[in-house]
Amino acid sequence: MDLEAPAHEIARLVSAGSVSAEEVIERTLERMRDTERLNIFISTNPDAVSEARRIDGMVRDGSDPGRLAGVPVSIKDNICTRAMPTTCASRMLEGYVSPYEATVVERLRREGAIIVGKTNLDEFAMGLTTEFSAYGPTLNPRDPRYVPGGSSGGSAASVAAGAAAISLGSDTGGSVRNPASFCGVAGFKPTYGMVSRYGLVSYANSIEQVGPLARTIPDIVLAMQAISGPDPRDGTTAGARPVSDTEDIVDGKRIGIVRQMAPDSLHPGVRTVFERAVSGLESLGAACEEVSLEMVDYSVAAYYTITSTEAGSNLARYDNIRYGYGLEREGYEFHRYVAASRDRFGPEVKRRIIAGGFVPSAGYAGRYFLKALKVKSRLTREVNRLFGTYDYLVSPTVPVPPFRLGEMLDDPVELFQLDINTVAANLAGKPAVSVPCGTCDGLPVGVQLIADSFRDGPLLGAARALEGVVQ
Amino acid sequence: MVTKEEITDMAAMMRITIDDRTEYVDKVQRMLDYFGVLDSAGVDDEDILVQEMTPAELRADEHRRHQMGTGGHIRAPRLG
């Protein structure tokens, strides 16, 4: 059994009884042990093998084990699971076990997937290198001297290392697509409202989505078929329809190359890969031409203003009263006790909480927060206007290739700039996918396709066509 | 320009203790200065979009007793 095999192939073999789920999971756990030095997982599922045996029993009994039968899946550690801790890579939630399970995890299990472990991330998903984790940085499986991207760096690394066939991450401003690009795998951010957020630990509720990562686009489709659709426990999914089968057709489609996302300053190695991908789309019959999205230049500032504000509010709940870790209460005045307990937040989270206190506060809201909301509105209108003419937008996923660990930790604003090509899809609520399209000095480079809201299926079809032409 | 004193005061209000004041204050100040580029976005006349959802689209507003909890509440395990 090849652990690099696509998830749909693993599921087919397990369902046919040609390979046992137990063997798949035993070998996956072995791979997880062999790649421990990459620091991909925060915890592993102690029941993975027994769950695999249950799937094998269903196959023997002739009952349907589900479309993900025996497929090893990893879950970003900010998505709640009952069998394993959910730490958000923070000492604040060290050892915390959720009393309920996220809808997306329930749906994967229902389809026969085996959750093998919870993956590392930037603390509370705030970062894009997976270096801001209380459990230490994850290393890039393609070259351990480099960052895997983030914040779902552990998820992307688990798929790239063969320690999972599919992983679930969360994407607030590119946190699925960025690590997918850096680790050479596919990553998908669905339309806002397409996938339930119930059980995703909140960072910036108004824009974040759960999204899958996998080695191929067909496996992304498989994961989306399992997790998408309405959930009565998340009102934002009311209009969602599950992703159905997709057709990989780009012939006759109009594709806009976003000028602001491929500027003259683009890294030359990334440009080479990007231009080859655009040529590939054209060779399939797509008409590609340059378009302008002026608000992209302000989108990163708007994104961090909005997310800092929502983070400041969401993380106020961590006061060691409703959630906590047993800090001795004696000797503290109430407010000092809360401040002492919140000392367990890491430096990046603390910075964003402080910024998140400022930007919506009296005297500053008009300058920062309201302007950010207006940029978000203008950007959404610009994007909607383009989708009146174009079927898809295309850009490099990240403007640079992976960089070395520690290389960009000193300047938060310099790091923010790496989000410039990914945040627009989040602010506008559109689906976007990163497709691995080549390498630059041996390091992976991804290309991003964006579609109009709830065009997730056709977008994945176009991504599959792109994947086919660049291989 | 947001002053260092304002940042220190805001940290206290958010119940965040900052050990290395200089590093925190400098980085937060850089973040807030960067957010200032929004001044030149030219969006003053833009209406803020809100996504409206009618009550009919939402689930029924009814009490549902949670199966796992006691007294109708979910009790998260306290750690430590």
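The following refers to the structure shown.

Conventions used here
Residues numbered from 1 in each chain as written. Chains lettered and ligands numbered in written order. Predicted model: local features only at pLDDT ≥ 70, side-chain atom pairs only at ≥ 80, totals over all residues. Heavy atoms only, no water. Helix = DSSP H or I, 4+ residues; strand = E, 2+ residues; numbered from the N terminus. Buried < 20%, exposed > 50% of the residue type's maximum accessible area, 1.4 Å probe, protein only. Areas by Shrake-Rupley, 256 points an atom, 1.4 Å probe, with all protein chains shown as cover. Axes fitted to C-alpha atoms, helices over the stretch in contact; angles between N-to-C directions. Parallel < 35°, antiparallel > 145°, perpendicular 65-115°, else oblique. Contact = heavy atoms within 4.5 Å. Nonpolar A, V, L, I, M, F, W, Y, C, P; charged D, E, K, R; others polar. Lys, Arg positive; Asp, Glu negative; His and termini not counted. Salt bridge = Lys/Arg side-chain N within 4 Å of Asp/Glu carboxyl O. Phe/Tyr/Trp six-rings, centres within 6.5 Å; stacked < 30°, edge-to-face > 60°. Buried area = accessible area lost by both parts, 1.4 Å probe. Polar contact = N/O pair within 3.5 Å; in protein donor to acceptor, adjacent residues only side chain to side chain. 1 Å grid on protein atoms, 1.4 Å probe; cavity = no way out; pocket = protein on both sides within 12 Å on 5 of 7 lines; lining within 4 Å. Points joined across faces, edges and corners; volume = space filled by probe spheres on them.

Along chain B, the regular secondary structure elements total 2 helices and 0 strands. Here chain B holds 80 residues, and the buried ones make up 29% of them. Put simply, chain B shows about 5,800 Å² of open surface, and 49% of that area lies on carbon and sulfur atoms.

Here we come to the packing of helix H1 (residues 4-13) of chain B against helix H2 (residues 21-35) of chain B. Residues and elements named next belong to chain B. At a minimum axis separation of 10 Å, H1 and H2 run at an interaxial angle of 105 degrees. Compared by their axis directions, H1 and H2 come out roughly perpendicular. Side by side, H1 and H2 meet where Lys 4, Ile 7 and Thr 8 of the first sit next to Arg 21, Val 25, Asp 26, Val 28, Gln 29 and Leu 32 of the second. In terms of residue class, the contact of H1 with H2 is built from 4 nonpolar, 2 polar and 3 charged.

The next point concerns the side chain of Asp 419 of chain A. Structurally, Asp 419 of chain A is set in the loop between helix H13 (412-416) and helix H14 (423-428). No salt bridge is formed by the buried Asp 419 of chain A, whose closest oppositely charged neighbour, Arg 352 of chain A, lies at an N-O distance of 6.3 Å.

In this section: the packing of aromatic side chains. Considering all chains together, one arrives at 13 aromatic pairs over all chains under this definition. Residues Phe 182 of chain A and Phe 403 of chain A carry aromatic rings whose centres are separated by 5.8 Å and whose planes lie at 90 degrees to one another, so their mutual orientation is edge-to-face. In this pair, Phe 182 of chain A sits in helix H6 (residues 177-183) while Phe 403 of chain A sits in the loop between strand S9 (392-396) and H13, placing the two residues 221 residues apart along the sequence. Side by side, Phe 182 of chain A and Phe 403 of chain A carry an identical accessibility label, which is buried. Here the aromatic rings of Phe 358 of chain A and Tyr 364 of chain A are separated by 5.3 Å at their centres, their planes lie at 80 degrees, and the arrangement is edge-to-face. In terms of burial, Phe 358 of chain A and Tyr 364 of chain A fall into one category: buried. Through a chain of ring-to-ring contacts, three or more aromatic side chains come together here, namely Tyr 303, Tyr 304, Phe 358, Tyr 364, Tyr 368 and Phe 416 of chain A together with Tyr 34 and Phe 35 of chain B.

By a widely used convention, the size of an interface equals the accessible area lost when the partners come together. The interface is formed by 64 residues belonging to chain A together with 47 residues belonging to chain B. A combined buried area of about 5,000 Å² lies between chain A and chain B, and 64% of that area is made up of carbon and sulfur atoms. Among the ionic pairs, Asp 39 of chain B bridges to Arg 367 of chain A, the shortest N-O distance being 3.0 Å. Inspection of the region where chain A meets chain B yields 18 residue pairs in polar contact (both at pLDDT 80 or more).

The next subject is empty space enclosed by the protein. Residues and elements named next belong to chain A. Under the counting rule described, the total for this entry stands at 4 cavities of 30 Å³ or more. Space inside the largest cavity adds up to approximately 70 Å³. Each residue belonging to the lining of the largest cavity can be placed in one class, and the counts come to 5 nonpolar, 6 polar and 2 charged. If you trace the second largest cavity, you find it lined by Gly 127, Leu 128, Phe 132, Glu 348, Arg 351, Arg 352, Met 408, Leu 409, Asp 411, Pro 412, Leu 415 and Phe 416. Listing elements by their share of the lining of the second largest cavity, those giving two or more residues are helix H11 (347-358) and H13. When grouped by side-chain class, the residues that make up the lining of the second largest cavity number 7 nonpolar, 1 polar and 4 charged.

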